[in-house]
Amino acid sequence: MDEKTARAYESGAARWIDDREATPRALRRLRHLTKTLGPGAHIADLGCGPGWYAHELSRRGACAVAFDASAGMLAGFRKRSPGGHAVQGDLAALPFARGSLDAAVAFKAYQHLPFASFPSALAHAHHALRVGAPLELTICDIRATPPNADEAEHGVREHRWEENDFPGRLFSFYDRERLRRILEGAGFTDVRIDPGRKRVFWLWVRATRADTLPDYVRPDLDLLFCGLNPSLLSAQTGVPYGRPGNRFWPAVVRAGLCSRERDPWHALERGIGFTDLVKRPTRGAAELTKDEYATGTLRLEDCVRVFRPRAICFVGLDGWRKTVDRKAVPGWVPDGFAGRPAYLMPSTSGLNAHCDLPGFVRHLRAASTAPG
């Protein structure tokens, strides 16, 4: 969470608890959620504040976890729910084991993350949720505040609120289409976004954790790698290029782009991101359709224009040849992609016998030095 926002909640926790109360619409959503999942479901209340919703989840038979950055807020939860499960931590880097949650709710929490960390925060939520698990969250509606031209174009606005009783808090506002694309990029499907009923301020979101890889992205990456689509194993493990025998990670380490194999979070910290042309995992590329290639190209163009990596590297030529240029060869693309330099390199799959590990290292070093 934004540090200044976290300090505001920590110092004002007691006053916040006294002045606020649970939202009726959120409570109605919790009733539906617990009825759908049944008793004993493991549900995290992310950014729980005083723990109103974690308490309600527990009362309705769920195995609930109250998660918040503020010790003062969690003290309020413990007072309300003695013996309840409480975890202090950062919403942008959830500590839960892979697939350990049956659902998560985050009411009035994610808006305090800057846009730069929101996509990876949702990727952490994707990691923690089992396949098919629901995610309920609210986020601020960009229509509540007048965006400038650039903010309106990108569908994101950040504002640090100084004009209220808890000054200094960061609020991030999104339009519905940008929010949908971020959630889908983070590996969620069946995304439903509803506006607030009484006034324009909150967007209410319900989404499902899909069986796919999330995008590992943030603004201003040094290099964004794009694969054709996830393998079934990569979708299962959360590791891009995760099949045994794939030479991507050994080549990336030898090229000096990162120092750990099979760790996309470490790579992201080093300025290396990951996405796929098509999000659906398959056993092989032959299962993909022309429509998926076309839709994926549009999604990727939008991703590149919004996050603006220094360069994008397409790993494997099949996708590019099927969507752009069937005669493409490895190397720099003359006109780039979506306004950024683009490099094409051979597939690092163990099935590709036309390129060896030193060859992949040479391609990666070339891709990491964008022209101009």
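For the structure, check the block above.
Residues numbered from 1 in each chain as written. Predicted model: local features only at pLDDT ≥ 70, side-chain atom pairs only at ≥ 80, totals over all residues. Heavy atoms only, no water.

Asker: Help me get a handle on the pairing of strand β14 (residues 342-345), residues and values and all.
Answerer: The side-chain alternation of β14 yields two buried faces, one formed by Ala342 and Leu344 and the other by Tyr343 and Met345. Note that strand β12 (residues 312-315) and β14 share 4 bridges and pair parallel. When the sheet's bridge partners are listed, Phe314 is paired in β14 with Leu344. (Buried < 20%, exposed > 50% of the residue type's maximum accessible area, 1.4 Å probe, protein only. Helix = DSSP H or I, 4+ residues; strand = E, 2+ residues; numbered from the N terminus. Pairing = 2+ DSSP bridges.)

Asker: Lay out the pattern of salt bridges with the relevant residues and their values.
Answerer: All told, the structure shown has 18 salt bridges when counted by the stated rule. Put simply, Asp141 and Arg143 hold a salt bridge, and the shortest N to O gap is 2.7 Å. Here Asp194 and Arg192 are joined by a salt bridge, their closest N and O atoms 3.1 Å apart. For Asp194, a relative accessible area of 17% corresponds to the buried category. Of the residues examined, Arg192 reaches a relative accessible area of 49% and is grouped as partly exposed. (Salt bridge = Lys/Arg side-chain N within 4 Å of Asp/Glu carboxyl O.)

Asker: Describe a positive patch on the surface, naming the residues involved and giving the relevant values.
Answerer: Residues Arg28, Arg31, Arg197 and Lys198 make up a contiguous surface patch of positive charge. For Lys198, the location among the structural elements is in the loop between β8 (188-195) and β9 (202-209). (Patch = residues over 30% accessible without salt bridge, like charges linked within 9 Å, V, L, I, M, F, W, Y side chains within 5 Å. Areas by Shrake-Rupley, 256 points an atom, 1.4 Å probe, with all protein chains shown as cover. Lys, Arg positive; Asp, Glu negative; His and termini not counted. Charge placed at Lys NZ, Arg CZ, Asp CG, Glu CD.)

Asker: Tell me about the sheet that holds β12, and please be specific about residues and values.
Answerer: Strand order in the open sheet formed by 5 strands is β11-β10-β12-β14-β13, with mixed pairing between adjacent strands. Each having just a single partner strand, β11 (272-276) and β13 (331-332) make up the two edges of the open sheet. Set on the sheet, helix α14 (residues 357-367) makes contact with β10 (223-227), β12, β13 and β14; between it and β14 the angle comes to about 175°. (Contact = heavy atoms within 4.5 Å. Axes fitted to C-alpha atoms, helices over the stretch in contact; angles between N-to-C directions.)

Asker: So, the packing of aromatic side chains: which residues are in play, and what are the values?
Answerer: Across all of its chains, the model carries 28 aromatic pairs by this definition. When the centroid spacing of 5.2 Å and the interplanar angle of 75° are considered together, the rings of Tyr53 and Phe107 count as edge-to-face. Taken as a pair, Tyr53 in helix α4 (residues 52-59) and Phe107 in the loop between β4 (103-106) and α6 (118-128) lie far apart in primary sequence, 54 residues in all. Looking at Phe107, the relative accessible area reads 7%, which means it is buried. Taken together, a centroid distance of 5.7 Å and an interplanar angle of 55° make the contact between Tyr110 and Phe118 tilted. For the pair formed by Tyr110 and Phe118, the shared burial category is buried. Members of the aromatic cluster, each reached through a chain of ring pairs, are Tyr216, Phe225, Tyr241, Phe248, Trp249, Trp265 and Phe274. The ring of Phe166 carries Arg15 above its face, with NZ or CZ at 4.3 Å from the centroid. (Phe/Tyr/Trp six-rings, centres within 6.5 Å; stacked < 30°, edge-to-face > 60°. Lys NZ or Arg CZ within 6 Å of the ring centre and 35° of its normal.)

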